[in-house]
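# A look at the structure
Given next are the chains, with one letter for each unit.
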Amino acid sequence: MQYKDMNKVQWIIEHHKLIKEYKEIQRMDLSLNMARGVPGKDQLTLSLPMLDIIHSDSDCRTIDGSDCRNYGVLDGIPECKRIMADMIGVNPTMVMVGGNSSLNMMFDTISCFMNKPVVEGCPAWNEVKDRKFLCPAPGYDRHFGITEYFDFEMIPIQMNDDGPDMDAIEEYVKDPTVKGIWCVPKYSNPQGITYSDEVVRRFARLKPAAKDFRIMWDNAYCIHHLTDHPDELLNIFEECEKAGNSDLPIAFCSTSKITFPGSGVAAMAASPNNMKVIKHKYRFQTIGYDKINMLRHVRFFGDFEGMKAHMEKHREILAPRFELVCNKLEEKLVPLGLVSYRKPNGGYFVCVDVMDGTAKRVVALCKQAGVVLTDAGATYPYKNDPRDSNIRIAPTAPTMKNLRKALDVFCICARLAAIERLLSE
Ligand SMILES: Cc1ncc(COP(=O)(O)O)c(C=O)c1O
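This write-up is about the structure you can find in this document.

Here is what the cut-offs are and how they apply
Residues numbered from 1 in each chain as written. Predicted model: local features only at pLDDT ≥ 70, side-chain atom pairs only at ≥ 80, totals over all residues. Heavy atoms only, no water. Helix = DSSP H or I, 4+ residues; strand = E, 2+ residues; numbered from the N terminus. Polar contact = N/O pair within 3.5 Å; in protein donor to acceptor, adjacent residues only side chain to side chain. Contact = heavy atoms within 4.5 Å. Pairing = 2+ DSSP bridges. 1 Å grid on protein atoms, 1.4 Å probe; cavity = no way out; pocket = protein on both sides within 12 Å on 5 of 7 lines; lining within 4 Å. Points joined across faces, edges and corners; volume = space filled by probe spheres on them. Nonpolar A, V, L, I, M, F, W, Y, C, P; charged D, E, K, R; others polar. Domains from an automatic or database assignment. Axes fitted to C-alpha atoms, helices over the stretch in contact; angles between N-to-C directions. Buried < 20%, exposed > 50% of the residue type's maximum accessible area, 1.4 Å probe, protein only. Right-handed = clockwise from strand over helix to strand, strands pointing away.

### Thoughts on the side chain of Lys 132
Inspection of the secondary structure puts Lys 132 in strand β3 (residues 132-137). At a separation of 2.9 Å, a polar atom in the side chain of Lys 132 contacts the main-chain carbonyl oxygen of Asp 130. A polar contact is formed between the side chain of Lys 132 and the side chain of Thr 177, at a distance of 2.8 Å. Residues contacting Lys 132, with those up to four places away along its chain left out, are Phe 152, Glu 153, Ile 155, Asp 175, Thr 177, Val 178, Lys 179 and Gly 180.

See below:
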């Protein structure tokens, strides 16, 4: 029976039962973590051979003869640009390969536009009073961190099943102080949503009042499928070109969750107009990024097909973990009417909505029982989840055994927090 259909006496009985179960878990002295969206140890092992791939002088040469051990090549070695371009779905001429982090490239891009106008005649964003950024929410907390750092007012945009609310976006971009939007268009963090064709086309056709409005298209999970029927995402660059809007998108990706987070290769892609401004900044910032690491990646994968084949091995490891999360929720919380969630087809998270007004309490109860979850609210700008209901579960890092235990704790805490709430009303 769903909790909402029980009477008060039944709630009190359930509460007593749950308190007893909760105390039993606390005595188990658990130390588990479902907060970190990082690959598990078994996934990291998949890429270990990459570290033993370059041995001789000749191994260090790129296809055009550069020695990767030395300075130079600002925008990345050609063979790495090729793979990253295939990943993003653009011509390699549009790509800049960077260092170990796409987030770093996003930060640098915003920082660049703060200081130098991306469109001639527009003021640098630093000079725009009351500058604003659109933030589909729930979303990636570190995106919001960047725009908060640069003093943008962040405007939450509701996420629907097919992507962000385009009606709202089309309205907001009429304001010239709205300078951009954060997007994770495929297997979004945290909901695992892929933007529909219609949403991508509406993005491409946007007519923002600010000529320097930019779409930050963070395609971090573009090949991170969990099933054999992957989602399809329209190519934003092709759609923008058709709409005469080639300068709108700036795309980012990396191999962080393909090889090694923090030791992977990151890349971005943009139109020549955008790249001119961005590369001008990089010329002062660095002589060139880690080409040996780029080369390691190229030799390890061969080409983009090789990279996709490698992702199949990740899928074999990850699919059962996501299956376990969904099965536990279905078994223990859905029949009680306590959660809603979507089963993701890819990505790194399962996004759960618990009873309104209880997310913070669930996270706190889990913590006291030895299970760490992402802070409630973290997936919203200013950490403000208006319904206090959203919790991000990251099932990749724990072993199956630990994940099972952690989910059992989560389910008890979600029930306990709900009963407390119902009894307090
Ligand atoms: C949507 C999204 N973008 C970017 C990153 C970070 O990527 P990188 O390691 O390339 O900086 C993450 C990491 O969790 C992410 O979820």
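So much for the structure itself; the text now carries on.
### Notes on the side chain of His 314
As for its placement among the helices and strands, His 314 is situated in helix α11 (residues 304-332). Here Gln 43 takes part through its side chain, which lies 3.1 Å from a polar atom of the side chain of His 314. Sequence-distant contacts of His 314, that is, excluding residues within four places in its chain, are made with Gln 43, Leu 46, Lys 257 and Ile 258.

### Remarks on the sheet that holds strand β10 (residues 340-341)
The three strands lie next to each other as β10-β11-β13, forming an open sheet whose pairing is antiparallel. Whereas interior strands pair on both sides, the edge strands pair on one side only; in this sheet they are β10 and β13 (390-393). In terms of strand pairing, β10 meets strand β11 (residues 350-353) through two bridges, oriented antiparallel. When the bridges of β11 are listed, Tyr 341 appears paired with Val 352.

### Concerning the layout of surface pockets
Empty space within the largest pocket amounts to approximately 700 Å³. As for the largest pocket, its lining consists of 29 residues, and the residues nearest its centre are Gly 37, Tyr 140, Arg 142, Tyr 221 and Lys 257. Those elements that provide at least two residues to the lining of the largest pocket are α4 (102-115) and α5 (141-149). Ranked by residues supplied to the lining of the largest pocket, first place goes to α4 with three residues. Along the lines of polarity and charge, the residues of the lining of the largest pocket split into 12 nonpolar, 10 polar and seven charged. When residues of the lining of the largest pocket are assigned to domains, at least three map to each of domain 1 (3-44 + 311-424) and domain 2 (61-302).

### Examining empty space enclosed by the protein
Across all of its chains, the model carries three cavities of 30 Å³ or more by this definition. Of the pockets and cavities examined, the largest cavity occupies roughly 90 Å³. Along its surface, the largest cavity is lined by 13 residues, and Pro 136, Gly 139, Trp 182, Val 184 and Asn 189 are the ones closest to its centre. Secondary-structure elements contributing two or more residues to the lining of the largest cavity are α5 and β6 (178-183). By residue class, the composition of the lining of the largest cavity is nine nonpolar, four polar and no charged. Considered as a void within the structure, the second largest cavity measures approximately 50 Å³ in volume. Of the residues in the lining of the second largest cavity, the class split is five nonpolar, four polar and one charged.

### A word on the sheet that holds strand β2 (residues 95-97)
Ordered in space as β2-β9-β8-β7-β6-β3-β4-β5, the eight strands form an open sheet in which the pairing is mixed. Strand pairing shows two members of the sheet lacking a second neighbour, β2 and β5 (163-164), which therefore form its edges. Each of β3, β4 (153-160), β6 and β7 (214-218) is contacted by α5, which is oriented at about 160° to β6, the strand it contacts most. In the packing of helix α9 (residues 272-285) onto the sheet, the strands contacted are β2, β7, β8 (249-254) and β9 (266-270), and the crossing angle to β9 comes to about 135°.

### Examining unusual backbone geometry
The omega torsion across Ala 137 and Pro 138 is 5°, close enough to zero to call that bond cis. Relative to the helices and strands, Pro 138 is located in the loop between β3 and α5. In this chain, Asn 189 is followed by Pro 190 through a cis amide linkage whose omega measures 10°. Relative to the helices and strands, Pro 190 is located in the loop between β6 and α7 (197-204). For Asp 130, which is not a glycine, the phi torsion comes out positive at approximately 60°. Checked against the element boundaries, Asp 130 lands in the loop between α4 and β3. Backbone geometry places Tyr 187, a non-glycine residue, at a positive phi of 45°. Looking at where Tyr 187 falls in the secondary structure, it is placed in the loop between β6 and α7.

### Describing the pairing of β8
A regular strand places its side chains so that they alternate between the two faces of the sheet. For β8, the tally of buried residues reaches six of six residues, placing the bulk of the element in the interior. A two-sided burial pattern is seen for β8, the buried positions comprising Pro 249, Ala 251 and Cys 253 on one face and Ile 250, Phe 252 and Ser 254 on the other. Examined bridge by bridge, β7 and β8 share four bridges and lie parallel to one another. Residue pairing in the sheet places Trp 217 in a bridge with Ala 251 of β8. Handedness of the β-α-β unit built from β7, helix α8 (residues 236-242) and β8 comes out right-handed.

Nothing here speaks to function; it is geometry throughout.
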